[in-house]
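# Understanding the architecture of this molecule
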Amino acid sequence: MGNTDSTVVAPEPILRAALHVLYVASYTTRNWTLNDEVSRKQINDLWEAIHEIPDLLCRWRDDAEDELLNYLACYDETWSGPSLRGIYDQVR
């Protein structure tokens, strides 16, 4: 039998940019664990913004990039860095 999975993955430029955002968020969070001056709230907000991205990239639809950008904007509106939308736009 053939594969009946109709899951659509994000287009390559979007996939590349979103994965880079996840990469930066991961190493930034790791580095923040060594810095007592970064609040748990900021770390939580960062992961709140990015935790849906892997699933979204694997269930791509016409309005998915808008949803992804909304997640990034929610973080960027509250915190000065890292600029998730800036990271995304730089690679996209």
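As the structure is a prediction and not an experimental result, all values here were calculated from the model.

### Remarks on the packing of helix α2 (residues 40–50) against helix α4 (residues 64–78)
Each packed pair of helices is defined by two parameters, the angle between the axes and the distance between the axes. Between α2 and α4, whose axes approach to 8 Å, the crossing angle comes to 160°. In terms of orientation, α2 lies roughly antiparallel with respect to α4. In this structure, α2 meets α4 at a crossing whose hand is left-handed. Along the contact surface, α2 presents Gln-42, Asp-45, Leu-46 and Ala-49, while α4 presents Tyr-71, Tyr-75 and Thr-78. Considered class by class, the residues forming the contact of α2 with α4 number 4 nonpolar, 2 polar and 1 charged.

### Some thoughts on unusual backbone geometry
For the bond from Gly-81 to Pro-82, the omega torsion is -5°, close enough to zero to count as cis. Inspection of the secondary structure puts Pro-82 in the loop between α4 and α5 (84–91).

### Some remarks on the packing of aromatic side chains
By convention here, two paired aromatic rings are described through the distance between centres and the angle between planes. Under the criterion given, the structure shown has 1 aromatic pair. With centroids separated by 5.1 Å and ring planes inclined at 70°, the aromatic side chains of Tyr-23 and Tyr-27 adopt a geometry described as edge-to-face. Of this pair, Tyr-23 and Tyr-27 both sit in helix α1 (residues 12–32), 4 residues apart, which is roughly one turn of that helix.

### Topic: the side chain of Gln-42
Mapped onto the fold, Gln-42 is located in helix α2. Sequence-distant contacts of Gln-42, that is, excluding residues within four places in its chain, are made with Trp-32, Tyr-75, Trp-79 and Gly-81.

### Quick notes on the environment of Arg-16
Along the chain, the position of Arg-16 falls in helix α1. Separated by 75 residues in sequence, Arg-16 and Val-91 have C-alpha atoms that sit 7.2 Å apart. Reaching out from Arg-16, the side chain makes a polar contact with the side chain of Glu-12 at a distance of 2.4 Å.

### Re the side chain of Glu-65
Considering the arrangement of structural elements, one finds Glu-65 in helix α4. Separated by 2.5 Å, the side chains of Glu-65 and Tyr-88 make a polar contact. Reaching out from Glu-65, the side chain makes a polar contact with the side chain of Arg-92 at a distance of 3.0 Å. Once residues within four sequence positions are removed from consideration, Glu-65 is found in contact with Ile-14, Trp-60, Tyr-88 and Arg-92.

### Some thoughts on the environment of Thr-29
Inspection of the secondary structure assignment puts Thr-29 in helix α1. Accessibility expressed as a relative area gives 13% for Thr-29, which makes it buried.

### So, the pattern of salt bridges
For the structure on display, the rule yields 7 salt bridges. Between Glu-67 and Arg-61 there is a salt bridge, with the nearest N and O atoms lying 2.2 Å from each other. Glu-67 sits in the partly exposed class, given a relative accessible area of 24%. Notably, a salt bridge pairs Arg-92 with Glu-65, separated by 3.0 Å at the nearest N-O pair. Taken together, the residues Arg-92 in the segment after α5 and Glu-65 in helix α4 connect sequence positions 27 residues apart. In this structure Arg-92 comes out as partly exposed when scored by relative accessible area, which is 43%.

Reading guide: rules and limits
- Residues numbered from 1 in each chain as written.
- Predicted model: local features only at pLDDT ≥ 70, side-chain atom pairs only at ≥ 80, totals over all residues.
- Heavy atoms only, no water.
- Axes fitted to C-alpha atoms, helices over the stretch in contact; angles between N-to-C directions.
- Helix = DSSP H or I, 4+ residues; strand = E, 2+ residues; numbered from the N terminus.
- Parallel < 35°, antiparallel > 145°, perpendicular 65-115°, else oblique.
- Left-handed = near helix turned anticlockwise from the far one by under 90°.
- Contact = heavy atoms within 4.5 Å.
- Nonpolar A, V, L, I, M, F, W, Y, C, P; charged D, E, K, R; others polar.
- Phe/Tyr/Trp six-rings, centres within 6.5 Å; stacked < 30°, edge-to-face > 60°.
- Polar contact = N/O pair within 3.5 Å; in protein donor to acceptor, adjacent residues only side chain to side chain.
- Buried < 20%, exposed > 50% of the residue type's maximum accessible area, 1.4 Å probe, protein only.
- Salt bridge = Lys/Arg side-chain N within 4 Å of Asp/Glu carboxyl O.

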